[in-house]
Amino acid sequence: MTQDQVAEITGLSNPHVSNVETGSTKPSLPTIIKIANALSVSVDELLCDNINSLQSSL
């Protein structure tokens, strides 16, 4: 799924979706939920990948 598609489904702007993906901004809980729903994953699945990546870099 492209950033454009996520932005369209969630009602978020494309630049905001891009900033969330690159880690340039810290999304609010409602934004995280919208993105998880758009991707058909749980919030836990969405965040666990980020936590695992963060732990790997430490």
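J.: Please explain the environment of V6 as it appears in this structure.
T.: By the element assignment, V6 lies in helix α1 (residues 3-10). We classify V6 as buried; its relative accessible area is 6%. With 33 residues separating them in the primary sequence, V6 and L39 have C-alpha atoms 7.6 Å apart. Not counting residues within four places of it along the chain, the set of residues in contact with V6 comprises M1, V17, I35 and L39.

J.: It is not clear to me how helix α3 (residues 29-38) should be interpreted in this structure. Could you clarify?
T.: If you check which residues of α3 are buried, you get T31, I32, I35, A36 and A38. Angular distribution of buried residues about the axis of α3 spans 160 degrees; they occupy a single face of the element. Projecting away from the buried face of α3 at angles above 90 degrees are the exposed residues L29, P30 and N37. Remark: S40 follows α3 within two positions and exhibits a positive phi of approximately 55 degrees.

J.: Sorry if this is basic, but what is going on with unusual backbone geometry here?
T.: Peptide bonds are, in most cases, trans, and in most cases residues other than glycine have a negative phi. Of note, the phi angle at S40 is positive, near 55 degrees, even though the residue is not glycine. Its location among the elements puts S40 in the loop between α3 and α4 (43-57).

J.: Explanation requested: α1 in the structure shown.
T.: Structural remark: α-helix, 3.6 residues per turn; residues separated by three or four positions point the same way. Turning to α1, its buried residues are V6, A7 and T10. Axial view of α1: buried residues confined to an arc of 100 degrees, hence all on one face. For α1, the exposed residues lying more than 90 degrees away from the buried face are E8 and I9. Of the surrounding elements, those touching the buried residues of α1 are α2 (14-22) and α3.

Here is what the cut-offs are and how they apply
Residues numbered from 1 in each chain as written. Predicted model: local features only at pLDDT ≥ 70, side-chain atom pairs only at ≥ 80, totals over all residues. Heavy atoms only, no water. Helix = DSSP H or I, 4+ residues; strand = E, 2+ residues; numbered from the N terminus. Buried < 20%, exposed > 50% of the residue type's maximum accessible area, 1.4 Å probe, protein only. Contact = heavy atoms within 4.5 Å. Arc of directions from axis to C-beta.

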